[in-house]
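Residue-level listing of the chains:
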Amino acid sequence: MRTVHFGPLTVLPAAAALLLALAAAPGLGAGAAVVGATVALATWLLVDRGVRREGLVRLGAANLVTLLRAALTAGVTALVVQSWHAPVPRAPVVVLATIALLTDLIDGRLARMRSQVTRFGAAFDMEVDAFLILVLSVYAVPVVGAWVLLIGLARYLLLLAGLVWPWLTAPAPPRRWAKVVAAVQGIVLTAVGADVLPRGLATALALGSLALLVESFGHQVVVLWRMRKEQVVARAAWVRPVVDLVAVAVVWLALVVPRHPDQLSWGALLAIPLELLVFAALAVVLPSRGGRVLAVVAGILLTATLVLTALDLGFYEAFDRPFNPLSDPGYVGSGLDLVHRSAGRGGEVLAAGGVLLGLVLALALCVWATVRVRRAVHGAPQAWSRVVVVLAVVWAVAATGGAQVSGIPVASAPAASLVGSQVHGVRAELHDRAVFEHALAHDDHASTPSADLLTGLRGKDVLLVFVESYGRVAVDGSWFSPMVDRTLGVSTDQLTMEGFHARSGWMRSPTFGGISWLAHSTLQTGLWIDSQQRYDQVLSGDRFTLSRAFGNAGWRTVSDIPSDDGEWEQGRRFYGFDQMYDSHNVGYQGPRFSYARIPDQYTFRAFTQRELDRPDRGPVMGEIDLVSSHTPWTPLPRMVPWSRLGNGSVYDGMHASHTSFFQLLGGPDQQRDYARSIQYSLRSLVSFVRHAHDKKLVMIVLGDHQPNTNVSGTGVSHDVPISLIAHDPKVLDRIRSWGWAAGLRPDSNGPVMPMDDFRDRFLDAFDANPAIR
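What you see is a predicted model; the values in this text were computed from it and never measured.

Trainee: Describe the overall build of the protein, listing the residues and the values that go with them.
Mentor: Each helix and strand in the protein was counted, giving 25 helices and 13 strands. Counting only residues that meet the buried cut, the protein has 49% of its 773 residues in that class. Excluding contacts between residues fewer than 6 apart, the proportion of contacts in the protein whose partners are at least 24 apart in sequence is 78%. When the accessible surface of the protein is summed, it comes to about 35200 Å², and 63% of that surface belongs to carbon and sulfur atoms.

Trainee: Residues and numbers for the side chain of Asp-560, please.
Mentor: By secondary structure assignment, the location of Asp-560 is in strand S7 (residues 556-560). In contact with Asp-560, other than residues within four places in its own chain, are Tyr-581, Thr-603, Phe-607, Glu-623, Ile-624 and Asp-625.

Trainee: Would you mind going over the environment of Ile-735 in detail, with residue names and values included?
Mentor: By the secondary structure assignment, Ile-735 is in the loop between helix H24 (729-733) and strand S12 (741-742). Sequence separation of Ile-735 and Asp-764 is 29 residues, and the distance between their C-alpha atoms is 9.9 Å. Beyond its immediate sequence surroundings of up to four residues, Ile-735 is in contact with Arg-503, Leu-724, Trp-740, Ala-765 and Phe-766.

Trainee: Describe the packing of helix H3 (residues 61-83) against helix H5 (residues 119-144), and please don't skip the residues or the numbers.
Mentor: Contact geometry for H3 and H5: axes closest at 10 Å, N-to-C directions at 20 degrees. Taken together, the axes of H3 and H5 are roughly parallel relative to one another. As H3 runs across H5, the sense of the crossing is left-handed. Seen from H3, the contacting residues are Asn-63, Thr-66, Leu-67, Arg-69, Ala-70, Thr-73, Val-76, Thr-77, Val-80 and Ser-83; seen from H5, they are Phe-120, Gly-121, Phe-124, Asp-125, Val-128, Asp-129, Phe-131, Leu-132, Val-135, Leu-136, Val-138 and Tyr-139. Looking at the contact of H3 with H5, its residues break down into 13 nonpolar, six polar and three charged.

Trainee: Please set out a nonpolar patch on the surface residue by residue, giving values where relevant.
Mentor: Taken together, the side chains of Leu-274, Val-278, Leu-282 and Val-285 define a hydrophobic patch exposed on the protein surface, amounting to about 320 Å² of accessible area. The topology assignment puts Leu-282 in helix H10 (residues 274-285). By relative accessible area, Leu-282 is classed as partly exposed at 36%.

Trainee: So what's going on with the pairing of S7? Which residues, and what values?
Mentor: Along S7, four of the five residues are buried, which leaves the element largely enclosed by surrounding structure. Sheet topology places S7 next to strand S9 (residues 620-626); five bridges connect them, and they run parallel. Among the inter-strand pairings, Arg-556 is bridged to a residue of S9, identified as Val-620. One ladder, built from three bridges, connects S7 with strand S8 (residues 579-581); its direction is parallel. Within the sheet, the bridge partner assigned to Val-558 lies in S8 and is Gln-579.

Trainee: Describe the packing of aromatic side chains, listing the residues and the values that go with them.
Mentor: One pass over the structure, following the stated rule, counts 18 aromatic pairs. With centroids separated by 4.9 Å and ring planes inclined at 85 degrees, the aromatic side chains of Phe-550 and Trp-555 adopt a geometry described as edge-to-face. On the accessibility criterion, Phe-550 (2% relative accessible area) is buried. The exposure class of Trp-555 is buried, given its relative accessible area of 4%. Relative to Trp-740, the ring of Trp-738 lies with its centre 5.1 Å away and its plane at 70 degrees, an arrangement referred to as edge-to-face. An identical accessibility class is assigned to Trp-738 and Trp-740; each is buried.

Trainee: How would you sum up a positive patch on the surface? Please name residues and give values.
Mentor: A cluster of basic residues, Arg-109, Arg-112, Arg-176 and Lys-179, forms a positive patch on the protein surface. Taken together, the elements giving at least two residues each to the positive patch come down to helix H4 (90-113) and helix H7 (176-194). Tracing the backbone shows Arg-109 in helix H4.

Trainee: Summarise the nonpolar core; cite the residues concerned and give the values.
Mentor: Of all hydrophobic cores here, the largest spans 52 residues; its most connected members are Val-465, Phe-604, Tyr-651, Leu-685, Phe-688, Met-699 and Ile-725. Breaking this core down by element, the ones donating at least two residues are strand S5 (461-467), helix H15 (481-497), strand S6 (501-508), helix H20 (600-612), S9, helix H22 (670-692) and strand S10 (697-703). Broken down by element, the residue count for this core peaks at nine residues, all from H22. Those residues in contact with Val-465 that sit more than four places away from it in its chain are Phe-604, Ile-624, Leu-626, Leu-685, Met-699, Ile-700, Val-701 and Leu-702. Core analysis: the next-biggest nonpolar cluster, separate from the first, contains 35 residues, Leu-453, Ala-519, Leu-546 and Trp-738 among them.

Trainee: Summarise the environment of Leu-306; cite the residues concerned and give the values.
Mentor: Within the secondary structure layout, Leu-306 lies in helix H11 (residues 288-319). Judged by relative accessible area, Leu-306 falls into the partly exposed class, the value being 26%.

Trainee: Requested: an account of the side chain of Gln-679, with residues and values cited.
Mentor: Along the polypeptide, Gln-679 turns up in helix H22. Apart from residues no more than four positions distant in its own chain, Gln-679 is found in contact with Met-483, Val-484 and Thr-487.

Trainee: Give a detailed account of the pattern of salt bridges, specifying residues and quantitative values.
Mentor: One pass over the structure, following the stated rule, counts 19 salt bridges. The shortest N-O distance in the salt bridge between Glu-127 and Arg-155 comes to 2.4 Å. Here Glu-127, found in helix H5, pairs with Arg-155, found in helix H6 (residues 149-164); they are 28 residues apart in sequence, far enough to count as distant. Measuring nitrogen to oxygen at the nearest pair gives 2.8 Å for the salt bridge that ties Glu-611 to Arg-556. Within this pair, whereas Glu-611 is found in helix H20, its partner Arg-556 is found in strand S7, the two being separated by 55 residues in sequence. What emerges from the salt-bridge pattern is a single network uniting Arg-472, Asp-476, Asp-485, Asp-719 and Arg-745.

Trainee: Break down the confidence of the model for the protein for me, citing the residues and quoting the values.
Mentor: Chain-level pLDDT for the protein is 82 on average; 88% of the residues reach the 70-or-more range. The secondary-structure element of the protein with the lowest mean pLDDT is helix H21 (residues 661-664), recorded at 47, while strand S13 (residues 752-754) shows the highest, at 96. For the stretch residues 1-8, pLDDT sits under 50, and the model shows 20 contacts to residues farther than four places along the chain or on other chains.

Trainee: I'd like a description of the packing of helix H14 (residues 414-440) against helix H17 (residues 532-539), backed by residues and values.
Mentor: Running from N to C, H14 and H17 cross one another at 35 degrees; their axes reach a closest spacing of 10 Å. In this structure, H14 meets H17 at a crossing whose hand is right-handed. Packed against H14, whose contacting residues are Glu-429, Asp-432, Arg-433, Phe-436, Glu-437 and Leu-440, the element H17 presents Gln-533, Arg-534, Gln-537 and Val-538 at the interface. Its residues assigned to classes, the contact of H14 with H17 shows three nonpolar, two polar and five charged.

Each value, and the rule that gives it
Residues numbered from 1 in each chain as written. Predicted model: local features only at pLDDT ≥ 70, side-chain atom pairs only at ≥ 80, totals over all residues. Heavy atoms only, no water. Helix = DSSP H or I, 4+ residues; strand = E, 2+ residues; numbered from the N terminus. Buried < 20%, exposed > 50% of the residue type's maximum accessible area, 1.4 Å probe, protein only. Contact = heavy atoms within 4.5 Å. Areas by Shrake-Rupley, 256 points an atom, 1.4 Å probe, with all protein chains shown as cover. Axes fitted to C-alpha atoms, helices over the stretch in contact; angles between N-to-C directions. Parallel < 35°, antiparallel > 145°, perpendicular 65-115°, else oblique. Left-handed = near helix turned anticlockwise from the far one by under 90°. Nonpolar A, V, L, I, M, F, W, Y, C, P; charged D, E, K, R; others polar. Patch = residues over 30% accessible without salt bridge, like charges linked within 9 Å, V, L, I, M, F, W, Y side chains within 5 Å. Salt bridge = Lys/Arg side-chain N within 4 Å of Asp/Glu carboxyl O. Pairing = 2+ DSSP bridges. Phe/Tyr/Trp six-rings, centres within 6.5 Å; stacked < 30°, edge-to-face > 60°. Lys, Arg positive; Asp, Glu negative; His and termini not counted. Charge placed at Lys NZ, Arg CZ, Asp CG, Glu CD. Core = buried A, V, L, I, M, F, W, Y, C linked by side-chain atoms within 4.5 Å. pLDDT = per-residue confidence, 0-100.

Here it is, written out as structure tokens:
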């Protein structure tokens, strides 16, 4: 029978014309065009192979319609790739995807009408649909989050599972509902990708679509499992080596994944892990029983390596430092508390369950991979011996020559390096304990007579205000910093109209992305507290803090921490506060806003009523934490008239009380949400100053740390803004030598003060007789 091959005469010209049109209109880049062309070329090759295998004389009208959809999918793919690094109008993506989805209503019906139904046509239609859904799910990630990729990957995960369980590759009985579910996926992903729906509705639709897909695939798996004994599905000869190769790849990847986000690149995969070579060599020489024990132990150790690597990556992303095995496990409770406050009990359960499930799956996958690799090596010892020898020679040559790819050594020993770095970290921390004890024992300001303390501020109300996550990125060097900069400019003008003035500079925080209490204690004690170990050490003693200095000098000292839910023992014992306010004793009866139990504006209102409006009072020193700018930065309250604040019920119905769990992982608008939360906190602060009518007011306003890397990016500084605000110009004159800029916005090129220098410099500026150090 004569066969013809229409692939190159159809999909390639159509895709080429479409890509040229896209390059002219939305400005398609060369890289994206190459990707689209590659998709078209791969389609042609697969179509040509299918036509040859099926022996078709002609494609038929139905397959031509499917080819049109394949060409449209190539165009959609190119636009999606372009959107990764340049703005792309959503209209072309949505239009092309919609047309492609409409053609899916035609080809099957056309094939049945013309009696042209073939196995090739059915498979071709299904695979083009699956790839289009995968591309659309990638496009929807910035709108609803990375979890939506599960929709696009479902088909391919089932194919991979079929390599292990061949019965999954058997044809399932036709089910009309499965076709409906498939159509729903494309429609929902197109609507979500259009980004015209409210984010909550888009997320709900995507989750519903995923649930339908899970049900559909689950039904198919159950049916095939019940039929597995009735159908004999021969395992192809290539399946075993492919599965062995997958196992080797799992072990290889688990070993070579870099520990720092900046090193994540394709070049990292070219590293040769020494541990894998040693494992393969032992698998060759050990007997079967010993080899099996080796494989299981290796799988457990591989899991530990993978988990520690993941922890390092996570800590670098969140806190710009590696995981500390001595002190960081104590943050598990704080992390779950953050999830609980931000996403509710359901989010906390989801997070804890996800972590446990991830650990179980990681252990199962690693043990399976090492057992499989051991079996493959033991089954072909001669071939694997040659492979190990060749790789060992390459490893030795690369180690001798110092060969690197993307800054990563080709000759690597990642597990050994990881263990070595953890051991070094533990030793360094144990040594640091002794060093820090020595620093704790010396404090020149602790002996300053009360009469000489803070004489330059006598009679003033002094508020130390921490604005959560208020970092340099908010006001300098980011795309969203102009938003906050405008707020700072307007706020400076408003303060000036009230007779207040400000000077602002930079401080380097000991922490990044979170763990705010390290910054608070550093500022208060004049010691660099950059770890939980140091924090625990300093709080176990009686270090002279700023709040104790004010207390000794005659101020009433108060803390107002609206995120606290219970008694703060250290507040009275260590910091010496006379009064401590938390979420339970300020009269707030309104809703919470994700992590923030109480809006910042209400926090200032409650402090004013309970402290500043008290009759016949003396001067007050207060530390106030503003937490509306705490991650996840949404939902956010609005400013309301001060007279309407009441007990906080004015906020009822303003927003949902919790954010979604996925927003905690990094929502698509997280940077904008962050900037808006900083704007809200600053507006609350300035509005408080304007309405307090307290000419004796002095405020030290600063950030505690930069936001996490989802907002700030990697490789940025630990700098935070700090401002001193006062009505009395003599207060600002005392810090003139610090080089701070006038107003609320620091000079981008201004000096950066380490946060542990502030206590001593502040006391020197305002004491009667500065300590000699």
